[in-house]
Amino acid sequence: MQSELDEEVVRVTMTLPNPTESATSAEERAALVEAVRDFADARLAPFANQRDADHEFSVETLREAGQLGLGAICVREDVGGAGLSRLDAIAIYEELARGDIALATYISIHNMVVGMIDAEGTDEQRHRWVPQLATMDELASYCLTEPGAGSDAAAVATTAVRDGDDYVLTGTKQFISGAGTSAVYVVMARTGGADPALQGSRGMTAFIVPGDAPGLSFGAEEQKMGWRAQPTRAVILDGVRIPAANRLGSEGDGFGIAMRGLNGGRLGIAAASIGGAQFALERTIAYVKDRATFGQPLATRQHVQFQLADMETELQAARALLERAAAMLDAKAPDAPVACAMAKRFATDTGFRVADEALQLHGGYGYLHEYGIERVVRDLRVHRILEGSNEMMRMIVGRALLGRR
């Protein structure tokens, strides 16, 4: 079985478009999507239920994804990135999530971190950190959230104190995907000290922290409702000393770096919501054709047809809104962050709703682990919370409409 899967990875690798050439045409994107779908069908979907049950984080599978160019999708080619567009990326994440939402979303988070280093780092930092992350030989985690700072990102309390040519970081980060396994952590910390002019968002700075840094430790793995196939832990920084060369951007740039990174992260989570819901819808269509009640297949009942039609319509609407936001981010449109917030809110709400309706149409079978639908419902629920809660997404859109920042 293992040798057959290895042969499949080789075949998929050979059919994936050259990652040094941006897949921008409809034909190239279709080939890209087909290749990623083949990988998801071979390496993700067959094992998703068992990995969920076992809480297995398959680093080996992630490295195979890295071999396909999926570790640095929108990163420049000179450091090993694929150089693809945001439109390409969301198509990739959707296909990966059809196979396994938990691993697909980790790949999205990893890409967000790698993209931040590529976009915000110096040339020296890019060449120092990105190549091994691009191949996923090393993994990355994003450290913004804290026990007392979730949606209010400007309330970060972790500190970074300059000491000669170093910074000393102290604090705790909460709900960090990949923590304890990742080799690289992008950490947001406060460098403003007690200066009242540098409180809130103005005193935050970004740092690259290696996973083997003295003083860095991790909490116990969280027992979560979903995303069980990727670890979530607290990241504890107890006087972690890193060179000033690991600072990403200038002092005080951290909040802007964090928010720019989250624009892309929100697209990835939205795409994964659509992909997971698409899996559930496809399974439901097959189920209602086969399942009979009162002497007739469920598929012949008008209310079932109407429900399926609404599920498909809503997913297509979410996909269209997401593609619009990705195109705007690619074009660096000034209102791209608002478009990303709208797409993230709509796609994650829609994806969860579609998956929940798929479970309902499966009846009692939808509640069984072996059918995979309840796993999708559990996995998609958190998408409405992370990368900025959907309440925060509404706030971003509402303030934009009212002309407020």
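Up top is the structure.
Let me begin by describing the structure that accompanies this report. Bear in mind the structure is a predicted one, so any value in this text is a computation, not a measurement. (Residues numbered from 1 in each chain as written. Predicted model: local features only at pLDDT ≥ 70, side-chain atom pairs only at ≥ 80, totals over all residues. Heavy atoms only, no water.)

### With respect to the overall build of the chain
Right, so step 1: The number of helices and strands found in the chain is 12 helices and 10 strands.
Right, so step 2: The principal-axis extent of the C-alpha atoms belonging to the chain is close to 80 × 50 × 45 Å.
Right, so step 3: Considering the chain as a whole, with its 405 residues, one finds that 53% of them fall into the buried category.
Right, so step 4: In the chain, 74% of the contacts between residues at least 6 apart in sequence involve partners at least 24 apart.
Right, so step 5: When the accessible surface of the chain is split by element, carbon and sulfur atoms take 53% of a total near 17,100 Å². (Helix = DSSP H or I, 4+ residues; strand = E, 2+ residues; numbered from the N terminus. Buried < 20%, exposed > 50% of the residue type's maximum accessible area, 1.4 Å probe, protein only. Contact = heavy atoms within 4.5 Å. Areas by Shrake-Rupley, 256 points an atom, 1.4 Å probe, with all protein chains shown as cover.)

### Observations concerning the pairing of strand E3 (residues 166-177)
Right, so step 1: Both strand E2 (residues 159-163) and E3 contribute to a ladder of 5 bridges, which runs antiparallel. Bridging from a neighbouring strand, Ala160 pairs with Leu169 of E3.
Right, so step 2: Taking the residues that link successive antiparallel strands as the turn, the E2-E3 hairpin has 2 residues, and the phi of Gly164 there is positive, at about 65°.
Right, so step 3: Two strands pair when backbone bridges link them, and E3 and strand E7 (residues 232-243) are joined in this way by 10 bridges, in the antiparallel orientation. Each bridged residue has a counterpart across the sheet, and for Ser177 the counterpart in E7 is Thr232. (Pairing = 2+ DSSP bridges.)

### Considering the packing of aromatic side chains
Right, so step 1: One pass over the structure, following the stated rule, counts 5 aromatic pairs.
Right, so step 2: Between Tyr365 and Tyr371, the aromatic rings sit 5.4 Å apart at their centres with planes inclined by 45°, giving tilted as the arrangement.
Right, so step 3: The partly exposed category is assigned to Tyr365, whose relative accessible area is 35%. (Phe/Tyr/Trp six-rings, centres within 6.5 Å; stacked < 30°, edge-to-face > 60°.)

### A closer look at the pattern of salt bridges
Right, so step 1: Considering all chains together, one arrives at 21 salt bridges under this definition.
Right, so step 2: Asp123 is the salt-bridge partner of Arg126, the closest N and O atoms lying 3.0 Å from each other. With a gap of 3 residues between them, Arg126 and Asp123 both fall in helix H7 (residues 123-134), about one helical turn apart.
Right, so step 3: For Arg233, the salt bridge is made with Glu221, and the minimal N-O distance between the two is 3.4 Å. You can see Arg233 sitting in strand E7 and its partner Glu221 sitting in the loop between strand E6 (216-218) and E7, a full 12 residues away along the chain.
Right, so step 4: Of the residues examined, Glu221 reaches a relative accessible area of 27% and is grouped as partly exposed.
Right, so step 5: A cluster of three or more residues bridged by salt bridges with shared partners is formed by Arg76, Asp78, Asp118, Asp123 and Arg126. (Salt bridge = Lys/Arg side-chain N within 4 Å of Asp/Glu carboxyl O.)

### Section: the packing of helix H6 (residues 101-120) against helix H8 (residues 254-290)
Right, so step 1: The geometry of H6 relative to H8 is characterised by a closest axis approach of 9 Å and an angle of 155° between their N-to-C directions. Classified by the interaxial angle, the pair formed by H6 and H8 is roughly antiparallel. Handedness of the crossing formed by H6 with H8: right-handed. For the pair H6 and H8, contact is made by Ile101, Thr105, Ser108, Met112, Met116 and Glu120 and by Ile257, Ala258, Arg260, Gly261, Leu262, Gly265, Gly268, Ile269, Ala272 and Gly276, respectively.
Right, so step 2: The residue makeup of the contact of H6 with H8, split by class, is 8 nonpolar, 6 polar and 2 charged. (Axes fitted to C-alpha atoms, helices over the stretch in contact; angles between N-to-C directions. Parallel < 35°, antiparallel > 145°, perpendicular 65-115°, else oblique. Left-handed = near helix turned anticlockwise from the far one by under 90°. Nonpolar A, V, L, I, M, F, W, Y, C, P; charged D, E, K, R; others polar.)

### Examining unusual backbone geometry
Right, so step 1: Positive phi is not limited to glycine here, since Phe294 has a value of about 50°.
Right, so step 2: The residue Phe294 is located in the loop between strand E9 (292-293) and strand E10 (296-297) in this model.
Right, so step 3: Overall, the relative accessible area of 82% leaves Phe294 in the exposed class.
Right, so step 4: Phi at Lys332 takes a positive value of approximately 55°, unusual for a residue other than glycine.
Right, so step 5: Within the secondary structure layout, Lys332 lies in the loop between helix H9 (302-330) and helix H10 (336-362).

### A few points about the side chain of Glu94
Right, so step 1: With respect to the helices and strands, Glu94 occurs in helix H5 (residues 86-99).
Right, so step 2: You can call Glu94 buried: its relative accessible area is 12%.
Right, so step 3: Of note is the side chain of Glu94, whose polar atom sits 2.9 Å from the side chain of Arg319.
Right, so step 4: Dropping the residues within four chain positions of it, Glu94 is found in contact with Ala271, Ile274, Gly275 and Arg319. (Polar contact = N/O pair within 3.5 Å; in protein donor to acceptor, adjacent residues only side chain to side chain.)

### Quick word on the packing of H8 against H9
Right, so step 1: Viewed as axis vectors pointing N to C, H8 and H9 meet at an angle of 160°, and their least axial separation amounts to 10 Å. Viewed along their axes, H8 and H9 adopt a mutual orientation that is roughly antiparallel. You can see that H8 and H9 cross each other, and the crossing is left-handed. Listed contacts from H9 to Asn263, Gly264, Leu267, Ala270, Ala271, Ile274, Ala277, Gln278, Leu281, Thr284, Ile285 and Val288 of H8 are Val304, Leu308, Met311, Glu312, Leu315, Ala318, Arg319, Leu322, Ala325, Ala326 and Leu329.
Right, so step 2: Tallied by class, the residues present in the contact of H8 with H9 amount to 17 nonpolar, 4 polar and 2 charged.

### Topic: the environment of Gly171
Right, so step 1: Among the structural elements, Gly171 can be located in strand E3.
Right, so step 2: With relative accessibility at 18%, the residue Gly171 sits in the buried group.
Right, so step 3: Residues Gly171 and Gly239, spaced 68 residues apart in sequence, show a C-alpha to C-alpha distance of 8.4 Å.

### Here we look at helix H12 (residues 390-401)
Right, so step 1: The first and last C-alpha atoms of H12 sit 17 Å apart over 12 residues, in line with the 16 Å expected at 1.5 Å per residue.
Right, so step 2: Within H12, burial applies to Asn390, Met393 and Val397. For H12, the angular spread of the buried residues around the axis is 50°, confining them to a single face.
Right, so step 3: The inward-facing, buried residues of H12 abut H8 and H10.
Right, so step 4: Phi turns positive, to about 75°, at Gly403, one or two residues after H12. (Expected span 1.5 Å × (residues − 1). Arc of directions from axis to C-beta.)

### Some details on the nonpolar core
Right, so step 1: In this structure, Leu96, Ile117, Tyr142, Leu144 and Met188 are the most contacted members of the largest nonpolar core, which totals 96 residues.
Right, so step 2: With 15 residues, the single largest contributor to this core is H8.
Right, so step 3: Dropping the residues within four chain positions of it, Leu144 is found in contact with Ala149, Ala153, Val156, Lys173, Met188, Met204, Ala258, Met259 and Leu262.
Right, so step 4: Listed in part, the 18 residues of the second largest apolar core include Ala160, Ile176, Ala213 and Ala244. (Core = buried A, V, L, I, M, F, W, Y, C linked by side-chain atoms within 4.5 Å.)

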